[in-house]
Amino acid sequence: QVRLVESGGGLVQAGGSLRLSCASSGAIFSTMGWYRQAPGKQRELVAEISLSGSAKYGDSVKGRFAISRSIGKNTVYLQMNSLKPEDTAVYYCKGYDGRIQRDYWGQGTQVTVSS
């Protein structure tokens, strides 16, 4: 049974930092990533990382966020720095299983950045 469980969301002030974690089980994902969705907005890429460690970022978070991955712990992290109110969203963890060509999603964790 494949599961992805996010944690670490919360309320922070603008300029602050937050670290999200996503613990997974049931598969070894070719890629894992973070996506976010704000009210009235489309879900957008935040960051994605492969098994080899190569990463890509959405334009709005480049230079502020960093994704990392522990293969042994089946866990992916998102370090968020210099947070802005426009970063407020529900953040979702995604894993892609290349064996069956399927995406799996976590339940999401709320991040709120106040002015």
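Here, every reference points to the structure presented above.
Residues numbered from 1 in each chain as written. Predicted model: local features only at pLDDT ≥ 70, side-chain atom pairs only at ≥ 80, totals over all residues. Heavy atoms only, no water.

**So, the nonpolar core**
At step 1: If you look at the biggest cluster of nonpolar residues, it comprises 25 residues, and the most contacted ones within it are Trp34, Leu78, Met80 and Tyr91.
At step 2: The set of elements that each furnish at least two residues to this core consists of strand S3 (18-25), strand S4 (31-37), strand S5 (44-50), strand S7 (65-70), strand S8 (75-80), strand S9 (89-97) and strand S11 (109-114). (Core = buried A, V, L, I, M, F, W, Y, C linked by side-chain atoms within 4.5 Å. Buried < 20%, exposed > 50% of the residue type's maximum accessible area, 1.4 Å probe, protein only. Helix = DSSP H or I, 4+ residues; strand = E, 2+ residues; numbered from the N terminus.)

**Concerning unusual backbone geometry**
Trans peptide bonds make up most of the peptide bonds, and negative phi angles are found at most residues other than glycine.
At step 1: Phi is positive for asparagine 74, close to 50°, though the residue is something other than glycine.
At step 2: Mapped onto the elements, asparagine 74 comes out in the loop between S7 and S8.
At step 3: Here glutamine 101, not a glycine, exhibits a phi torsion of approximately 55°, which is positive.
At step 4: Following the sequence through the fold, glutamine 101 ends up in the loop between S9 and strand S10 (102-105).

**Comments concerning the environment of serine 82**
At step 1: Residue position: serine 82 is located in the loop between S8 and S9.
At step 2: A relative accessible area of 42% means that serine 82 is categorised as partly exposed.
At step 3: Taking C-alpha positions, serine 82 is 12 Å from arginine 19, a pair spaced 63 residues apart along the chain.
At step 4: Non-local contacts of serine 82, meaning those with residues more than four positions away in its chain, are made with Gly15, Gly16, Ser17, Arg64 and Asp87. (Contact = heavy atoms within 4.5 Å.)

**Observations regarding the packing of aromatic side chains**
At step 1: Following the criterion strictly, the structure yields two aromatic pairs and no others.
At step 2: With a centroid separation of 6.1 Å and an interplanar angle of 55°, the aromatic rings of phenylalanine 29 and tyrosine 104 are classed as tilted. A residue pair is termed long-range when its members are at least 10 positions apart, and phenylalanine 29 in the loop between S3 and S4 and tyrosine 104 in strand S10 qualify at 75 residues.
At step 3: Relative to tryptophan 105, the ring of tyrosine 35 has its centre 5.3 Å away and its plane inclined at 65°; by these criteria the two rings are edge-to-face. Highlighted residues: tyrosine 35 in strand S4 and tryptophan 105 in strand S10, separated in sequence by 70 residues.
At step 4: The cationic tip of arginine 19 hangs over the ring face of tyrosine 77; the distance from NZ or CZ to the ring centre is 4.1 Å.
At step 5: For the cation-ring pair, arginine 43 lies above tryptophan 105, with the distance from its terminal atom to the ring centre recorded as 4.7 Å. (Phe/Tyr/Trp six-rings, centres within 6.5 Å; stacked < 30°, edge-to-face > 60°. Lys NZ or Arg CZ within 6 Å of the ring centre and 35° of its normal.)

**Here we look at the pattern of salt bridges**
A side chain with one charge can pair with a side chain of the opposite charge if their charged atoms come near.
At step 1: If you walk through the whole model with that rule in mind, you get eight salt bridges.
At step 2: Residue lysine 62 is joined to aspartate 59 by a salt bridge in which the shortest nitrogen-to-oxygen separation is 2.9 Å. With respect to burial, lysine 62 and aspartate 59 carry one shared label: exposed.
At step 3: The network of salt bridges with shared partners includes Arg36, Glu44, Arg64 and Asp87. (Salt bridge = Lys/Arg side-chain N within 4 Å of Asp/Glu carboxyl O.)

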